[in-house]
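Here's the letter readout for the chains.
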Amino acid sequence: MRHLVTGGAGFVGSHLVAALLARGDEVEVLDDLSGFGHADRVAADRPTAGSRVHPLCAWTHGSVLDPRAVERVVARVDRVWHLAAVVGVPRVLADPRRAVRVNLEGTEVVLDACVAARVPLVFTSSSEVYGDRAGELLREDDPVSPGATTSMRGSYGASKALAEWSLAAVRRTTGLPILVARLFNTVGPGQSAGHGMVLPRFVEQARRGRPLTVYGDGAQRRCFADVRDVVEHLVRLADLDGAYGGTFNLGSRVESTILGLAELVRDLAGTGAEIAHVPWAEAFPGEERDVRGRLPDLSRLAAAVGSVPTTRLETTIAAMLSEGARAAAPAP
Ligand SMILES: NC(=O)c1ccc[n+]([C@@H]2O[C@H](COP(=O)([O-])OP(=O)(O)OC[C@H]3O[C@@H](n4cnc5c(N)ncnc54)[C@H](O)[C@@H]3O)[C@@H](O)[C@H]2O)c1
């Protein structure tokens, strides 16, 4: 089987590419390297545009906003995984319009190419579509509420939600097999601290013996799933014909507070790093407050594939800490 992974040089994408290659499938990657990803994640050698980077992997440096580039690669594959997106609160706040364009228009371009070539599509949406919904068990059929338009953060969740509507409309009118996975907080090895995501930031701070900066009081709650677990479940879902046409929450069911997460990273790192609280408004001027919580109902995922991600957070953090230590070690 031959796959296209857009955003394949990114954090989740590179794990997905590795999983597909490991089972002997062929993979095309389309990525413009505008994120924190790098092409040599999927290969030993840094590839040039169009060069082959792994015996079973072809690389195209290009944008999902370029219909011709997208059509060319989509025409060569049996399944498309559309992951390319502007991701991470700092990046979205830096250029909300770009986030909307890439996440919505980019999905339209990929969708049009899939319709034209009749290629099944897997789309990674986000728990951000639910907005700030602490204390609720979030089900796929719940209304979306990405937030007020005065908060730029909501642009990410809104663009993903609108993309989902477009996919649903095409699914209905053309019957194209389309699968939507709403990823909740996904963490693990290979995640850049530059994304602004909380766990890789804490890991980096702890490793350097710097204070771990908790925005606000740290009582915000999140569910963190290991990327390797998420990718395994995503691949298993996509291998089920019956999953197409569906929308699935995908993440962990175990909640942690952000303060509890900081304490766990500090203890596992053993570097005695302090925990420092930074007011939310100082960290993200103009944004009223952080999302207080989000808990996925994973029963639809469990019914489809028979399990949900369960990797312990300690295991994931230990892998991230040892990866950081390896990267920092002097060359022999
Ligand atoms: N990591 C998470 O916690 C999480 C949670 C929910 C949803 N998701 C979704 O999973 C997907 C992957 O996220 P990630 O964490 O790996 O982010 P990432 O930033 O590491 O990966 C995104 C990739 O998309 C690429 N990209 C951006 N704009 C592009 C464009 N115009 N054309 C081609 N490539 C482009 C980037 O260069 C990057 O390599 C995204 O769709 C994201 O919305 C991730």
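Bear in mind that the values here come from a model prediction, so they are computed numbers and not experimental data. (Residues numbered from 1 in each chain as written. Predicted model: local features only at pLDDT ≥ 70, side-chain atom pairs only at ≥ 80, totals over all residues. Heavy atoms only, no water.)

**Q** Can you help me understand the packing of helix H2 (residues 67-74) against helix H4 (residues 96-117) in this one?
**A** The interhelical angle for the contact between H2 and H4, taken along N-to-C directions, is 40 degrees, at an axis separation of 9 Å. In this view, H2 runs oblique relative to H4, as classed from their interaxial angle. The interaxial crossing formed by H2 with H4 has right-handed handedness. Taking contact as the criterion, the partners of Pro 67, Val 70, Glu 71 and Val 74 in H2 are, on H4, Val 109, Val 110, Ala 113, Cys 114 and Ala 117. For the contact of H2 with H4, the residue count by class is eight nonpolar, no polar and one charged. (Axes fitted to C-alpha atoms, helices over the stretch in contact; angles between N-to-C directions. Helix = DSSP H or I, 4+ residues; strand = E, 2+ residues; numbered from the N terminus. Parallel < 35°, antiparallel > 145°, perpendicular 65-115°, else oblique. Left-handed = near helix turned anticlockwise from the far one by under 90°. Contact = heavy atoms within 4.5 Å. Nonpolar A, V, L, I, M, F, W, Y, C, P; charged D, E, K, R; others polar.)

**Q** Just checking my understanding: could you explain unusual backbone geometry for this structure?
**A** The bulk of non-glycine residues show a negative phi, and the bulk of peptide bonds are trans. If you check the backbone angles, Leu 33 has positive phi at about 55 degrees while not being a glycine. Among the secondary structure elements, Leu 33 is positioned in the loop between strand S2 (26-31) and strand S3 (52-54). A relative accessible area of 25% means that Leu 33 is categorised as partly exposed. Although it is not a glycine, Arg 118 adopts a positive phi angle of roughly 55 degrees. Along the chain, Arg 118 falls in the loop between H4 and strand S6 (121-126). (Buried < 20%, exposed > 50% of the residue type's maximum accessible area, 1.4 Å probe, protein only.)

**Q** Looking at this structure, how should I read helix H5 (residues 154-174)?
**A** Think of an α-helix as 3.6 residues a turn; residues three or four steps apart then line up on the same face. The terminal C-alpha atoms of H5, which comprises 21 residues, lie 30 Å apart, in line with the 30 Å expected from a rise of 1.5 Å per residue. Looking at the residues trailing H5, positive phi occurs at Gly 175, about 75 degrees. (Expected span 1.5 Å × (residues − 1).)

**Q** Could you clarify how one ought to interpret the site of the ligand in this entry?
**A** In the vicinity of the ligand there are 28 residues, among which Phe 11, Val 12, Asp 31, Leu 83 and Tyr 156 approach most closely. Residue Gly 10 places a main-chain N or O atom 3.2 Å away from an oxygen atom belonging to the ligand. One nitrogen or oxygen atom from the main chain of Ser 34 is found 3.1 Å from an oxygen atom belonging to the ligand. For the ligand, the accessible surface in isolation is 830 Å², of which the surrounding protein chains cover 98%. Where the shell around the ligand is concerned, the elements lending two or more residues are helix H1 (11-22), S6 and H5. (Near = heavy atom within 4 Å. Polar contact = N/O pair within 3.5 Å; in protein donor to acceptor, adjacent residues only side chain to side chain. Areas by Shrake-Rupley, 256 points an atom, 1.4 Å probe, with all protein chains shown as cover.)

**Q** Quick question: what am I supposed to make of the environment of Thr 247 here?
**A** By the element assignment, Thr 247 lies in strand S13 (residues 247-250). Classification of Thr 247 as buried rests on a relative accessible area of 11%. Contacts of Thr 247, omitting those with residues within four sequence positions, involve Glu 140, Glu 164, Arg 171, Val 180, Arg 182 and Arg 300.

**Q** How should the nonpolar core be read in this particular structure?
**A** Generally speaking, soluble globular proteins have nonpolar side chains that are buried together. Core analysis: the biggest nonpolar cluster contains 34 residues, and Leu 16, Val 27, Trp 81 and Leu 179 have the highest contact counts within it. Of all the secondary structure elements, the ones that give two or more residues to this core are H1, S2, strand S4 (57-61), strand S8 (178-183), helix H7 (227-238), S13 and helix H10 (299-305). With seven residues, H7 is the largest single contributor of residues to this core. Apart from residues no more than four positions distant in its own chain, Leu 179 is found in contact with Leu 121, Val 122, Phe 123, Leu 237, Ala 238, Ala 243, Tyr 244, Gly 246 and Phe 248. (Core = buried A, V, L, I, M, F, W, Y, C linked by side-chain atoms within 4.5 Å.)

**Q** Would you take a moment to explain the packing of aromatic side chains for this structure?
**A** One pair of aromatic rings is described through two measures. These are the centre distance and the angle between the planes. Taken as a whole and assessed by the stated rule, the structure comprises two aromatic pairs. Each ring, one from Tyr 130 and one from Phe 184, has its centre 5.9 Å from the other, and the planes form 35 degrees; the classification is tilted. Of this pair, Tyr 130 sits in the loop between S6 and strand S7 (137-138) while Phe 184 sits in the loop between S8 and strand S9 (186-187); the two residues are 54 residues apart in sequence, bridging distant segments of the chain. Across the pair, exposure class does not vary: Tyr 130 and Phe 184 are buried alike. (Phe/Tyr/Trp six-rings, centres within 6.5 Å; stacked < 30°, edge-to-face > 60°.)

**Q** How do you make sense of the environment of Val 305 when you look at a structure like this?
**A** Structurally, Val 305 is set in helix H10. Looking at Val 305, the relative accessible area reads 14%, which means it is buried. Remark: the alpha-carbon pair of Val 305 and Arg 236, spanning 69 residues in sequence, is separated by 6.6 Å. Not counting residues within four places of it along the chain, the set of residues in contact with Val 305 comprises His 233, Arg 236, Leu 237 and Leu 240.

**Q** For this particular structure, what's the right way to read the environment of Ile 178?
**A** With respect to the element layout, Ile 178 can be found in strand S8. Distance in space between the C-alpha atoms of Ile 178 and Val 122 is 5.9 Å, their sequence separation being 56 residues. In this view, Ile 178 contacts Leu 111, Leu 121, Leu 167, Val 170, Arg 171, Tyr 244, Gly 245 and Gly 246; residues no more than four positions away in its chain are not counted.

**Q** Hey, could you run me through the pairing of S6 in this one?
**A** If a strand is regular, its side chains alternate between the two faces of the sheet. The element S6 is extensively covered by neighbouring structure, given that six of its six residues are classed as buried. Sheet analysis places strand S5 (residues 79-82) next to S6, joined by three bridges and oriented parallel. If you follow His 82 over to S6, its bridge partner there is Phe 123. Judged from the six bridges that link them, S6 and S8 form a sheet pairing that is parallel. Bridge pairing in S8 places Ser 125 opposite Arg 182. (Pairing = 2+ DSSP bridges.)

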